[in-house]
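Summary of the model geometry
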Amino acid sequence: MAELPIRSGDDVVRVRQQVRVTAAENGLSLVDQTKLVTAASELARNTLVHGGGGVAQVEALRSPNGRAGVRLRFTDEGPGIADIDLALRDGWSSGTGLGLGLSGSRRLVDEFELSSKPGEGTSVVVVKWSR
Amino acid sequence: MEQVPIVKIGQTLFVSIQVELEDQSVLRLQEDLADELATSGARGVIIDITAVEIVDSFIGRMLTMIGSISRLFDAETVIVGMRPAVAITLTELGLSLKGVRTALNAEKGLEILNGRP
């Protein structure tokens, strides 16, 4: 498992590169690699901009029936999300973006889990399986 | 932060993105292009994203904004060379790049700008 800090825009680029390598090594198709790297870019930016920085973990997975996949975990200790349902809605934005970061990245992956407590930070775990 | 070069040929500004796009580089490109449009009198912008592996919502929004900015300077922007995987991902993400034109490659992009599609 690789663990990468997210403290700057350069770190976001490094997270994307690591996710690309791990996704390719684990047999994800080019389209699925692109979807996962794009989701990683959205989530890493959220960690940086809204969470005040944090950590990304990139991990290869095997399902019980031998399918390969990649799990990403983004953790920050920022202000957290008060209304998770609202934050996951298309078009809702706390900043100047389009509000597609969370809702859009959820569509790009197979599994998506967000946990957050106001004042304690946010953690997002996503999984993409090879087809 | 890496700077994306802008090349003026005739009435057109060419931008070929060959670096891994960090948010600050995209913002810088937007400012550089606005400056160039204001001073050069260019009528068109071609942005080649052949080498770009992902377009996320931030980069997508910046491309759309570059299209809007160039219109304020009486110029049109054409995005060319989008990879198939990027097109599929952008659509699923919910981004349509409204307001910017796209073309398969730089040659077809130039045809659009020169008014012979």
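Residues numbered from 1 in each chain as written. Chains lettered and ligands numbered in written order. Predicted model: local features only at pLDDT ≥ 70, side-chain atom pairs only at ≥ 80, totals over all residues.

Topic: helix α3 (residues 84–93) of chain B
All names here are of chain B.
- V86, T89, L90 and L93 are the residues of α3 that are buried. The arc that holds every buried residue of α3, seen down its axis, measures 100°, which confines them to one face. Residues P84 and T91 are exposed on α3 and point more than 90 degrees away from its buried face.
- Just past α3, the residue G94 takes up positive phi, approximately 105°. (Buried ≥ 20, exposed ≤ 12 C-beta atoms within 10 Å, placed from the backbone. Helix = DSSP H or I, 4+ residues; strand = E, 2+ residues; numbered from the N terminus. Arc of directions from axis to C-beta.)

A few points about the pairing of strand β3 (residues 44–48) of chain B
Residue and element names in this part refer to chain B.
- The element β3 is extensively covered by neighbouring structure, given that four of its five residues are classed as buried.
- As paired elements, strand β2 (residues 12–16) and β3 share five bridges and run parallel to each other. Within β3, the position partnered with L13 by the bridge is V45.
- Regarding topology, helix α1 (residues 23–40) serves as the crossover connection from β2 to the parallel β3, and that connection is right-handed.
- As paired strands, β3 and strand β4 (residues 76–80) are joined by five bridges and run parallel to one another. Across the sheet, I46 pairs through a bridge with V78, a residue of β4.
- For the handedness criterion, the β-α-β arrangement of β3, helix α2 (residues 57–72) and β4 is classed as right-handed. (Pairing = 2+ DSSP bridges. Right-handed = clockwise from strand over helix to strand, strands pointing away.)

Description of the nonpolar core
Residue and element names in this part refer to chain A.
- Formed by 55 residues in total, the largest nonpolar core has its most connected members in L36, A40 and A44.
- Broken down by element, this core gets its largest block of residues, eight residues, from helix α2 (residues 30–49).
- With residues up to four places along the chain from it excluded, the contact list for A44 reads I6, V12, V15, A56 and F74. (Core = buried A, V, L, I, M, F, W, Y, C linked by C-beta atoms within 7 Å. Contact = placed C-beta atoms within 7 Å.)

Here we look at the interface of chain B and chain A
- In this assembly, 18 residues from chain B lie in contact with 22 residues from chain A.
- Mapped by element, the contributors of at least two residues to the side of chain B that touches chain A are α1, α2 and α3 of chain B.
- Across the side of chain B that touches chain A, the residue classes tally to seven nonpolar, four polar and seven charged. (Nonpolar A, V, L, I, M, F, W, Y, C, P; charged D, E, K, R; others polar.)

Let's talk about the sheet that holds β2(B)
All names here are of chain B.
- Strand order in the open sheet formed by five strands is β1-β2-β3-β4-β5, and the pairing between neighbours is mixed. Two strands in the sheet have a free side with no partner beyond their single neighbour: β1 (6–9) and β5 (101–103). Neighbour to neighbour, the strand axes of the sheet diverge by 25° on average, direction disregarded.
- For β1 and β2, the ladder comprises four bridges, and the chain directions are antiparallel. When the sheet's bridge partners are listed, K8 is paired in β2 with L13.
- Running at roughly 25° to β1, α1 makes contact with β1, β2 and β3 of the sheet.
- Contacts from α2 reach β3 and β4 within the one sheet, and its direction differs from that of β4 by about 150°. (Axes fitted to C-alpha atoms, helices over the stretch in contact; angles between N-to-C directions.)

Comments concerning the packing of α2(A) against α3(B)
- For the pair α2(A) and α3(B), the least separation of the axes is 9 Å and the interaxial angle reads 50°. The angle between α2(A) and α3(B) places the two elements in the oblique class. Crossing geometry of α2(A) relative to α3(B) is assigned as right-handed. Residues A:L30, A:V31, A:T34, A:K35 and A:T38 of α2(A) form the contact with α3(B), whose own contacting residues are B:A85, B:V86, B:I88, B:T89, B:E92 and B:L93.
- When grouped by side-chain class, the residues that make up the contact of α2(A) with α3(B) number six nonpolar, three polar and two charged. (Parallel < 35°, antiparallel > 145°, perpendicular 65-115°, else oblique. Left-handed = near helix turned anticlockwise from the far one by under 90°.)

Some remarks on the packing of helix α4 (residues 101–108) of chain A against α3(B)
- Running from N to C, α4(A) and α3(B) point in directions that differ by 125°, and their axes come no closer than 8 Å. With respect to their mutual orientation, α4(A) and α3(B) come out oblique. The interaxial crossing formed by α4(A) with α3(B) has right-handed handedness. Every residue of α3(B) that contacts α4(A) at A:G104, A:R107 and A:L108 is listed here: B:T89, B:E92 and B:L93.
- Among the residues forming the contact of α4(A) with α3(B), the class breakdown is two nonpolar, two polar and two charged.

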